[in-house]
Amino acid sequence: MEATARPHPGAAFDTGLRRFPNARAVALELWPDEPVYCFRPQVLAADAEAFRAAYPGRTAYAVKTNPHPLVLNTLARIGIDAFDVASPAEFRMARQAAPAADLLYMHPVKAATAIREALTAYRIRHFSLDHEGEAAKILREARGAGVPVSELTLFVRLATRGHAAYNLSRKFGAAPGHAVELLQRVARLGAQAGLCFHVGSQVEEPDAYERALKSAQWVRQRAGVPVAALDIGGGFPARYGHDRRRPAPAVPPLARLMPRIVKAIERYGFADLPLVAEPGRALVARSLSVLVRVLLRKGQRLYINDGVWGSLSDAWTGKLTLPVHLIPEPDRARPAGDPRKHAAFRIMGATCDSVDILSRPFWLPETVAAGDWIEVGHIGAYSLSLRTDFNGLYPDTFVEVESPFRS
Ligand SMILES: *Cc1c(COP(=O)(O)O)cnc(C)c1O
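Quick notes on the rules
Residues numbered from 1 in each chain as written. Predicted model: local features only at pLDDT ≥ 70, side-chain atom pairs only at ≥ 80, totals over all residues. Heavy atoms only, no water. Helix = DSSP H or I, 4+ residues; strand = E, 2+ residues; numbered from the N terminus. Buried < 20%, exposed > 50% of the residue type's maximum accessible area, 1.4 Å probe, protein only. Areas by Shrake-Rupley, 256 points an atom, 1.4 Å probe, with all protein chains shown as cover. Lys, Arg positive; Asp, Glu negative; His and termini not counted. Charge placed at Lys NZ, Arg CZ, Asp CG, Glu CD. Pairing = 2+ DSSP bridges. Right-handed = clockwise from strand over helix to strand, strands pointing away. Domains from an automatic or database assignment. Contact = heavy atoms within 4.5 Å. Buried area = accessible area lost by both parts, 1.4 Å probe. Salt bridge = Lys/Arg side-chain N within 4 Å of Asp/Glu carboxyl O. Polar contact = N/O pair within 3.5 Å; in protein donor to acceptor, adjacent residues only side chain to side chain. Nonpolar A, V, L, I, M, F, W, Y, C, P; charged D, E, K, R; others polar. Axes fitted to C-alpha atoms, helices over the stretch in contact; angles between N-to-C directions. Parallel < 35°, antiparallel > 145°, perpendicular 65-115°, else oblique. Near = heavy atom within 4 Å.

### Comments concerning the overall build of the chain
1) Next: On a plain count of helices and strands, the chain comes out with eleven helices and 18 strands.
2) Next: Overall, the C-alpha framework of the chain stretches about 75 × 45 × 40 Å when taken along its three principal axes.
3) Next: The 407 residues of the chain split such that 55% are buried.
4) Next: In the structure as shown, the chain presents an accessible area of about 17100 Å², 52% of it carried by carbon and sulfur atoms.
5) Next: Across the chain, the mean location of the 51 positive side-chain charges is 5 Å away from that of the 41 negative side-chain charges.

Pasting the structure below:
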């Protein structure tokens, strides 16, 4: 599933970026002192197509994961025709990249003006909710805009319990009994009733999806109203790095997970419904790396020119070990050590903030020195959308790179 990034048959994607064979060439040619994003459209296309092939429903890319036009345009180019959006700015970005695509407004709590704009300017007809107050709000806006309620599909979002790196059910989702009432209410209003959930992010255990599907079946049977669609949300895992003291997992996490999800969809009686998934991370993580520079080494600590307030906050929040590889600055004096032996280095971020320290180390050759570059791989998810200009540091240089990232 995490495809072996075969070159996409359509070959060149017109990114307009300067193109390099790999990150080493970027480092040695540009000698960059600021972070450089290395975008790989072929990898994005391969991972999106692998997901689409493995999931027996519609693939709606979650725009918040990475809304950069490079990403949205590449996805549109390979025919991704549905997007999970959460705000008017996201409607605009998705529409710009894919004018004919369907937008699904799956944020359970929305501003009335944003609902109105969704209904009128963007002709959005799919919404989620987890409370009767939100149902009333959507209904009011539809009436005000003259949109027949029967055109709407309202997805009732179920609360789930899981152990994702990030658990979102503390904030959103109706408990099963409440979801039954909401489903009945949606049907009574005359809208199409859908069911949805979102189990978290970087979910590697299939039971989170299996439990959610089981609960969805219970709700559907209890409600006794027709259910028009099931949306299983996002949360699908991407591959990251690993602690070098342990063996690397052999199978990419999505390839292990998806067959189990598909079986559970059948087991709980949803196989004949229109299905949707909203992957973000699993599609986009591998398509971007960032080339950073070591500004100073203090023993086992490396001070780099990026960090938690720049491209790396997701790794910090999710306690992810990122895959990295070293590009030594040529002709530089090095600390004693074996360049083939890897050690754990604590990574200190670029800002003056004392929380700007990564929660997991980088595994790098013992001989890493100030001036070296590190290519940090698989940072396509929740990086560009979360970077800040704190301390006046805002990485924003992009190049295209042809070969897939290798640690
Ligand atoms: C964030 C989000 C997604 C995407 O999650 P990933 O973990 O990146 O796949 C999908 N659906 C909803 C409702 C979300 O909030």
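### So, the pairing of strand β8 (residues 153-157)
1) Next: With five of five residues buried, β8 is to be regarded as a mostly interior element.
2) Next: Burial of the side chains of β8 extends over both faces: Thr153, Phe155 and Arg157 are buried on one face and Leu154 and Val156 on the other.
3) Next: Sheet analysis places strand β7 (residues 126-129) next to β8, joined by four bridges and oriented parallel. By the bridge assignment for β8, Phe127 is matched with Leu154.
4) Next: The parallel pair β7 and β8, bridged by helix α6 (residues 132-145), forms a crossover whose chirality is right-handed.
5) Next: Sheet topology note: the β8/strand β9 (residues 192-196) ladder contains five bridges and is parallel. Counted as the bridge partner of Phe155 is Gly194 from β9.

### Observations concerning the domain arrangement of the chain
1) Next: On domain assignment, one finds that the chain holds domain 1 (41-284) and domain 2 (286-401).
2) Next: Placing the centre of domain 1 and that of domain 2 at their C-alpha centroids yields a distance of 32 Å.
3) Next: Between domain 1 and domain 2, the residue contacts involve 23 residues of the former and 20 residues of the latter.
4) Next: Carbon and sulfur atoms make up 58% of the area that domain 1 and domain 2 hide from each other, which totals about 2000 Å².
5) Next: At the surface where domain 1 touches domain 2, the tally comes to two salt bridges.
6) Next: The salt bridge partner of Asp314 is Arg281, with a shortest N-O separation of 3.0 Å.
7) Next: Counting across the domain 1 and domain 2 interface gives nine residue pairs in polar contact (both at pLDDT 80 or more).
8) Next: Of the residues that constitute the side of domain 1 that touches domain 2, the class distribution is nine nonpolar, seven polar and seven charged.

### Remarks on the sheet that holds strand β11 (residues 275-277)
1) Next: As summarised here, the arrangement of the nine strands in space is β3-β11-β10-β9-β8-β7-β6-β5-β4, forming an open sheet in which the pairing is parallel. Where the open sheet ends on each side, the last strands, each with one partner, are β3 (58-59) and β4 (61-62).

### Focus: the packing of helix α4 (residues 88-97) against helix α5 (residues 112-120)
The axes of two packed helices give the description: the angle between them and the distance between them.
1) Next: Contact geometry for α4 and α5: axes closest at 10 Å, N-to-C directions at 25 degrees. One finds that α4 runs roughly parallel with respect to α5. Where α4 abuts α5, its residues Pro88, Phe91 and Arg92 lie against Ala114, Glu117 and Ala118.
2) Next: Of the residues belonging to the contact of α4 with α5, the class tally is four nonpolar, no polar and two charged.

### Structural notes on the site of the ligand
1) Next: Lys64, Ser201, Gly235, Glu278 and Tyr382 are the nearest of the 15 residues found near the ligand.
2) Next: One nitrogen or oxygen atom from the side chain of Tyr382 is found 2.6 Å from an oxygen atom belonging to the ligand.
3) Next: Burial of the ligand by the surrounding chains reaches 91%, relative to a free accessible area of 390 Å².
4) Next: A class-by-class count of the residues in the shell around the ligand yields three nonpolar, seven polar and five charged.

### Observations concerning the environment of Ala264
1) Next: Structurally, Ala264 can be placed in helix α9 (residues 253-267).
2) Next: A relative accessible area of 0% means that Ala264 is categorised as buried.
3) Next: In this view, Ala264 contacts Glu210 and Leu213; residues no more than four positions away in its chain are not counted.

### Re the pattern of salt bridges
1) Next: Scanning all chains against the criterion turns up 24 salt bridges.
2) Next: Of the charged contacts, one joins Arg19 and Glu402 as a salt bridge, the two residues approaching to 3.7 Å between their closest N and O atoms. Highlighted residues: Arg19 in strand β1 (residues 19-20) and Glu402 in the segment after β18 (397-401), separated in sequence by 383 residues.
3) Next: Residue classification places Arg19 among the partly exposed positions, given a relative accessible area of 44%.
4) Next: Here Arg125 and Glu151 are joined by a salt bridge, their closest N and O atoms 2.9 Å apart. Of this pair, Arg125 sits in the loop between α5 and β7 while Glu151 is found in the loop between α6 and β8, placing the two residues 26 residues apart along the sequence.

### Regarding the side chain of Glu90
1) Next: Here Glu90 shows up in helix α4.
2) Next: The buried charged residue Glu90 lacks any salt bridge, with Lys64 as its nearest oppositely charged partner at 7.3 Å.
3) Next: For Glu90, the side chain forms a polar contact with the main-chain nitrogen of Ala86, separated by 2.8 Å.
4) Next: Once residues within four sequence positions are removed from consideration, Glu90 is found in contact with Val63, Lys64, Asp84 and Val85.

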